[in-house]
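# Coordinate analysis (summary)
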Amino acid sequence: MPDDLTALHAIQSNRPPRAEESLPHRAMRHRGDVLAYVLVLGAVAISLLPYYWMVSSSLRTMENMFRVPIQWIPDPVNWRSYVLAWHAQNFTRYFFNSGLVAVAITAGNLLLCSLAGYSLAKFRYFGRGVLFILILSTMMLPLEVTMVPLFLIIKQFDWANTYQGLIVPFLVDGFGVFLMRQYMLGIPRDLIDSARIDGASEFKIFWQIVLPLCKPALVALGVFTFREAWDMYIWPLIIVSKDSLRTLPLAISLFMSSYGTAWDQLMAIAVLGTLPMIILFFVLQRAFIQGIAVSGLKE
Amino acid sequence: MSSAVQPRKLATRRWLHLGLTEKQALFGYAILFPTLAILFLFRFLPMIDAFAISFTKYDLIHPAQFIGLGNFIDLIQDPLFRNSARVSLIYVVFSVLPVWPLSLGLAVLFNRSLFLKDLLRSSVFMPVVMPAVVMAVVWTFMYQQDGVLNTVLGWVGIDPIPWLRSSSTALPAVILIGIWRATPYYMVIFLAGLQAIPAEYYEAAEIDGASRWSTFKDITLPLLKPTTLLVMVMTVIVAMKVFAVPMIMTQGGPSDATRVLPLFIYQTAFEFFDMGRAAAMSVFLFVAVMLFSVAQIRIFTRGED
């Protein structure tokens, strides 16, 4: 895109195109580009090595696991690690638990963050500014700070070892509200007012006019929230002691402490636990990256 | 007669109008309510409780007993807590400082034309995709004495490093993972910032014959300042909260070398059942997180009324 713009400006300003422009390998224009490729490829190698090592080790036999010299390509291929690991513990259940918790938290955030964001962006009422700052200030109360009393509160509710205990405290998030509010500020007020004049109910306006306009923000928030929820470790570690309620991260960490030397099985489980994120990333790549980019949003 | 009706009509109209805005305000409150309720119950209330519990001795079994500032005085004198605060500080400084130039550098590299740019960028992004627990498990395996990292280092003549087994290398090993994970994350944020800089600035610089370095120094860096500030604050906050990786890889060892503050809070509360002391530690962590969060919120809301 910037390159197209440069070309466009060159035409408009009647400058002769630079001689290099006609070279077939335009990207190799400068010596600096070689350096750029070396650096980028180095970063790619560092980023992917743990992935390669995880996948290849899940397929390596235990005899070859620590061979000297190192065995880069598994031979023979050991598929059994996947079957053994899956059946060593109740991983079907753990996958289901993680999926249920992550989907519920994501759905809750999509609904509640957009409702709250809509309220803060488009309605006038007493105390709105203070409420907005209060909601935003929850960003300074991370779980790492509040885990002890939150655990005591959940215990009071009798929600330890329950799905609601895993889900409800995270159904809405201050940053998500902020994100939706910023996005909704951009929706023209006239659009909402004319719908009101047409006699549409407030809820209908939200559901049928405002929400569809927020699709890009919702997708980004959804992917971001799902990733965080799938990743959640410290909270299940605190409130789950029953096997039937373990989420995948918790199960993987416990699997490691009990099967610590069965590296092939451990890597197989690691691959399976990463798979949903990889699929999500490749299907919704733009939204996934957008979800990260908006976490640095500044207006 | 008509002049007597007039003001009444007006008043009625004004009341109707008021009624409408009131109805809307009510709707505004109503749709905000679930959010307020959840945030109050599960964010503010726990924080208030944290302060309250920090003044007590409480082990979950016996009733909480008020001991004033006892926990805080104990903590300040406790070598384990001081060690934990030191470990956290080292983790924050050394996991954060390299990330700033690395993520900005990568963003600059990807903000130009490259062959197969999208594929390369997605590859570099992959550390963000891996769940934290999986990351801890995979890196533990790679850090084995005869594991892949020591093999690769052996190619360039570096002797095997004991990584997680030695108290002098365990913390650097944990820090390295933090850098691996954070760099692509902030690269994406820097990229968004870079793409928001109007191309005209660069064209003007090119016409003036500015070198690449001076273009970067005099145009990119100043215009990227808000993004840079935000990244600085966010990286520090995230680093202060690190938990899963040291918890899974070392449980704080060897000899307390990786016992960061969140891990020490967790262990004090849920392994030693000293809730009061853990809450007092939470208050320390809260103050540290708050200082940086306030800066973050101020960046977010800059230019608002």
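Residues numbered from 1 in each chain as written. Chains lettered and ligands numbered in written order. Predicted model: local features only at pLDDT ≥ 70, side-chain atom pairs only at ≥ 80, totals over all residues.

To continue, consider the overall build of chain A. Scanning chain A from terminus to terminus reveals 15 helices and zero strands. Considering only contacts in chain A between residues 6 or more positions apart, those separated by 24 or more positions represent 76%. (Helix = DSSP H or I, 4+ residues; strand = E, 2+ residues; numbered from the N terminus. Contact = placed C-beta atoms within 7 Å.)

As a further point, take the packing of helix H8 (residues 174-185) of chain A against helix H11 (residues 215-231) of chain A. Residue and element names in this part refer to chain A. Where H8 contacts H11, the axes come no closer than 10 Å and their chain directions differ by 170°. Between H8 and H11, the angle is such that the two are roughly antiparallel. Pair H8 / H11 crosses with right-handed handedness. Along the contact surface, H8 presents Gly176, Leu179, Met180 and Tyr183, while H11 presents Ala217, Leu221 and Thr225. Partitioning the contact of H8 with H11 into residue classes produces five nonpolar, two polar and no charged. (Axes fitted to C-alpha atoms, helices over the stretch in contact; angles between N-to-C directions. Parallel < 35°, antiparallel > 145°, perpendicular 65-115°, else oblique. Left-handed = near helix turned anticlockwise from the far one by under 90°. Nonpolar A, V, L, I, M, F, W, Y, C, P; charged D, E, K, R; others polar.)

Further remarks concern unusual backbone geometry. Glycine aside, the phi torsion of most residues is negative, and most peptide linkages are trans. With omega at 0°, the peptide bond leading from A:Asp75 into A:Pro76 counts as cis. Within the secondary structure, A:Pro76 sits in the loop between helix H2 (31-58) and helix H3 (80-88). Between B:Gly253 and B:Pro254 the backbone carries a cis peptide bond, its omega angle lying at -15°. Following the sequence through the fold, B:Pro254 ends up in the loop between helix H12 (244-249) and helix H13 (261-270). Positive phi, close to 65°, is recorded for B:Asp256, a residue that is not glycine. Mapped onto the secondary structure, B:Asp256 falls in the loop between H12 and H13. With 17 C-beta atoms packed within 10 Å, B:Asp256 lands in the partly exposed category. A positive phi angle is found at B:Phe273, which is not glycine, with a value near 55°. Assignment of secondary structure puts B:Phe273 in the loop between H13 and helix H14 (275-300). We classify B:Phe273 as partly exposed; it has 13 C-beta atoms within 10 Å. (Buried ≥ 20, exposed ≤ 12 C-beta atoms within 10 Å, placed from the backbone.)

This part is about the packing of helix H5 (residues 117-129) of chain B against helix H8 (residues 170-195) of chain B. All names here are of chain B. With their axes 7 Å apart at the nearest point, H5 and H8 run at an angle of 120° to one another. Compared by their axis directions, H5 and H8 come out oblique. Note that H5 runs across H8; the crossing there is left-handed. Mapping the contact onto sequence places Val124, Phe125, Pro127 and Val128 in H5 and Trp180, Arg181, Pro184, Tyr185, Met187 and Val188 in H8.

To continue, consider the environment of A:Pro276. Counting through the fold element by element, A:Pro276 comes out in helix H14 (residues 263-283). Sequence spacing of A:Pro276 and A:Arg227 is 49 residues, and the spatial spacing of their C-alpha atoms is 9.7 Å.

Another aspect to go through is the interface of chain A and chain B. Tallying the contact residues gives 79 residues for chain A and 81 residues for chain B. Of the residues assigned to the side of chain A that touches chain B, the class counts are 58 nonpolar, 15 polar and six charged.

Residue and element names in this part refer to chain B. Domain boundaries in chain B define domain 1 (2-54) and domain 2 (73-300). Using only C-alpha atoms to locate each centre, domain 1 and domain 2 end up separated by 42 Å. The interface is formed by four residues belonging to domain 1 together with six residues belonging to domain 2. Residues belonging to the side of domain 1 that touches domain 2 are distributed by class as follows: three nonpolar, one polar and no charged. (Domains from an automatic or database assignment.)

Moving on, we get to the domain arrangement of chain A. Residues and elements named next belong to chain A. Assigned domains of chain A: these are domain 1 (17-80) and domain 2 (86-296). Placing a centre on the C-alpha atoms of domain 1 and another on those of domain 2 gives a separation of 33 Å. Counting residues at the interface gives nine residues for domain 1 and six residues for domain 2. Classifying every residue of the side of domain 1 that touches domain 2 by side-chain character gives four nonpolar, four polar and one charged.

Residue and element names in this part refer to chain B. With respect to the element layout, leucine 89 can be found in helix H3 (residues 79-96). Leucine 89 sits in the partly exposed class, given 15 other C-beta atoms within 10 Å. Sequence separation between leucine 89 and valine 260 is 171 residues, and the spatial gap between their C-alpha atoms is 8.5 Å.

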